[in-house]
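# Chain and residue survey
Below, each chain spelled out in residue letters.
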Amino acid sequence: MATININYDKLGAGYLFPEIARRAKAFAEKHPGVELHRLGIGDTTQPLAPSVVRALQDAAERLSKGDTYTGYGDYEGEKFLREAIRDAYRERKVEIELDEIFVSDGAKSDSGNIQTIFGPENIIAVQDPAYPVYVDTNVMAGRTESFNTVTGQYAGIVYMPCHEHNDFFPELPSEKVDLIYLCSPNNPTGAVATKQQLTQFVEYARQLKAVIIFDAAYSAFISDARLPRSIYEIPGADECAIEVNSFSKSAGFTGVRLGWSVVPKSLITEDAPASKLNALWYRRQSTFFNGASNIVQYGGAAALSPKGRRECQAIVDYYMQNARIIRDGLTSLGLACFGGDNAPYIWAKTPNGVRSWDFFDKLLREAHVVTTPGSGFGPAGEGFIRFSAFGRRESTERAMASIRAHLKT
Ligand SMILES: *Cc1c(COP(=O)(O)O)cnc(C)c1O
């Protein structure tokens, strides 16, 4: 008799994006002819950089001929791409060896799968609010109780609240935790951790032999030179941190699919000497994964070439101009806004303590703008709403014009 993984039944939420779609659809059906403006999606809209397209085409062309055709590549990714990734770290004065880099099909899979190399008894800590993958994958792995609809939390997870008064970066957990998920620049708050803030966590992790899983998917959006783009810019982080990154947001690969993780050989836990976790991740990937698409890996290397980087940077700058338009528009209406400086998300405080979903409905009803309610990312997101800068310029401008013209404040 087969049985199911009952941990899946513990999942409570996961209804965020379907619920947004449901409400937007219901509104559109009731008001035919009304144009909906979408500032909710965390998906890219700008076309791929020309260098990337050429590299993808060339790679496909090579597969069309018998003498240049290739099949399975290395599980950990093509050497040329890992070299390009290593060189990009080197510019930040971070030394990473090629066998510490694992190319993948994206940061979602890596940030979800990484917990499988850690024991079931590890205590997990997450930023609240956070990207839902960190919590949900640990629920599925059986590290929690069921979702508590009253608290909006899972017993067994340590939530590290991110509020206005701590600049949306958490204090150290007051209890002992083993695996700490940090995301900077943060989705959804747009907050970026400073060197000092990360140093605190690195020191805590080294002291307790905890491991930090650092999601740097938005690192390309950091323009302030003082802010760290990699956790390995913090001394000692190679002993306590795994970094996950992606081409999705930096090069528009959300549909193309490519990412990487760094698992340093110097990373240790109480029961794992140097190189052990690196070997476990290799073992995990080589068992469950047959490598990222070879065509796509050429596209990734092109995105990291000097020309590709200039082209991708121009796209990042385009999104960041959207971020300014959104933030200036909301600020002029008197809304308190955070993020949007070094991240493509604006985290706006709802007026008069209105609940996230109520403000979502108000924006939809009055201005026909679809956003993302902050409470969907964790209980500390209540009272906030997320605006995404990933839209097209024209749609972003029209959405803001509609908010200015129609939102009753
Ligand atoms: C978009 C996003 C990613 C990227 O995921 P991919 O699987 O690489 O597309 C990772 N982490 C966070 C927090 C994100 O918002």
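Figured I'd write up the structure that's included with this text. (Residues numbered from 1 in each chain as written. Predicted model: local features only at pLDDT ≥ 70, side-chain atom pairs only at ≥ 80, totals over all residues. Heavy atoms only, no water.)

## So, the sheet that holds strand 11 (residues 337-339)
- Spatially, 11-12-15-14 is the arrangement adopted by the four strands of the open sheet, whose pairing is antiparallel. Single-partner strands in this sheet number two, and they are strand 11 and strand 14 (372-373).
- Of the strands in this sheet, strand 14 and strand 15 (384-388) are in contact with helix 11 (residues 356-367), which crosses strand 15 at around 50°. (Pairing = 2+ DSSP bridges. Helix = DSSP H or I, 4+ residues; strand = E, 2+ residues; numbered from the N terminus. Contact = heavy atoms within 4.5 Å. Axes fitted to C-alpha atoms, helices over the stretch in contact; angles between N-to-C directions.)

## Quick notes on the packing of helix 9 (residues 294-304) against helix 10 (residues 306-332)
- At a minimum axis distance of 4 Å, the contact between helix 9 and helix 10 shows a crossing angle of 80°. Relative to helix 10, helix 9 is oriented roughly perpendicular. When helix 9 is examined against helix 10, the residues A302, A303 and L304 are found in contact with a partner set consisting of P306, G308, R309 and C312.
- Partitioned by chemical class, the residues of the contact of helix 9 with helix 10 number five nonpolar, one polar and one charged. (Parallel < 35°, antiparallel > 145°, perpendicular 65-115°, else oblique. Nonpolar A, V, L, I, M, F, W, Y, C, P; charged D, E, K, R; others polar.)

## Focus on the environment of I20
- Here I20 lies in helix 1 (residues 16-30).
- Taking the C-alpha atoms as reference points, I20 and G112, 92 residues apart in sequence, are found 23 Å from one another.
- Leave out the neighbours within four places in its chain, and I20 touches W357, F360, V370, T371, T372 and P373.

## Here's the deal with the site of the ligand
- Around the ligand sit 14 residues, and of these Y218, S246, S248, K249 and R257 come closest.
- In the environment of the ligand, an oxygen atom lies 2.6 Å from a nitrogen or oxygen atom belonging to the side chain of S246.
- Within the complex, 93% of the 390 Å² of free accessible area of the ligand lies under protein.
- When atom positions are compared with the pocket grids, the ligand is found to occupy the largest pocket.
- Of all the secondary structure elements, the ones that give two or more residues to the shell around the ligand are helix 4 (107-113) and helix 7 (248-251).
- Of the residues contributing to the shell around the ligand, the split by class is six nonpolar, four polar and four charged. (Near = heavy atom within 4 Å. Polar contact = N/O pair within 3.5 Å; in protein donor to acceptor, adjacent residues only side chain to side chain. Areas by Shrake-Rupley, 256 points an atom, 1.4 Å probe, with all protein chains shown as cover. 1 Å grid on protein atoms, 1.4 Å probe; cavity = no way out; pocket = protein on both sides within 12 Å on 5 of 7 lines; lining within 4 Å. Sits in = over half its atoms within 2 Å of the grid points.)

## Focus on the packing of helix 2 (residues 50-63) against helix 9
- Contact pair helix 2 / helix 9: the axes reach a minimum separation of 8 Å and the direction vectors enclose 150°. Taken together, the axes of helix 2 and helix 9 lie roughly antiparallel to each other. The element helix 2 and its partner helix 9 pack so that their crossing is right-handed. Contacts between helix 2 and helix 9 involve S51, V52, A55, L56, A59, A60, R62 and L63 from the first element and N294, I295, V296, Y298, G299, A302 and A303 from the second.
- In the contact of helix 2 with helix 9, the residues fall into 11 nonpolar, three polar and one charged. (Left-handed = near helix turned anticlockwise from the far one by under 90°.)

## Quick notes on the layout of surface pockets
- Here the largest pocket is characterised by a volume of approximately 1200 Å³.
- Looking at the largest pocket, it is lined by 47 residues, and the ones nearest its centre are L16, F17, Y131, P132 and F377.
- Sorting the residues of the lining of the largest pocket by element identifies helix 1, helix 4, strand 3 (124-128), helix 5 (133-140) and helix 7 as the ones contributing at least two each.
- Ranked by the residues each element gives to the lining of the largest pocket, the list is headed by helix 5, at five residues.
- The space that makes up the second largest pocket amounts to roughly 550 Å³.
- Around the second largest pocket, the lining comprises 23 residues; the ones closest to its centre are A88, S219, A220, R229 and L304.
- Its residues assigned to classes, the lining of the second largest pocket comprises 12 nonpolar, six polar and five charged.
- Here the lining of the second largest pocket spans two domains, since at least three of its residues come from each of domain 1 (14-43 + 308-406) and domain 2 (52-304). (Points joined across faces, edges and corners; volume = space filled by probe spheres on them. Domains from an automatic or database assignment.)

## Details of the sheet that holds strand 6 (residues 157-161)
- Pairing is mixed in the open sheet, where seven strands are placed in the order 2-10-9-8-7-3-6. Each of the sheet's edge strands pairs with one partner strand only, and the pair in question is strand 2 (101-104) and strand 6. Averaged over all neighbouring strand pairs, the angle between strand axes comes to 20°, with direction disregarded.
- Here strand 3 runs beside strand 6; their pairing, made up of five bridges, is parallel. Note that in strand 6 the partner of A125 across the bridge is V158.

## Digging into unusual backbone geometry
- The linkage connecting S184 with the following residue, P185, adopts the cis geometry, with an omega of -10°.
- Topologically, P185 is positioned in the loop between strand 7 (179-183) and helix 6 (195-208).
- With an omega of 20°, the peptide bond running from N187 to P188 counts as cis.
- Along the chain, P188 turns up in the loop between strand 7 and helix 6.
- Phi at K93 is positive, roughly 65°, even though this residue is not glycine.
- Position of K93 among the secondary structure elements: in the loop between helix 3 (79-91) and strand 2.

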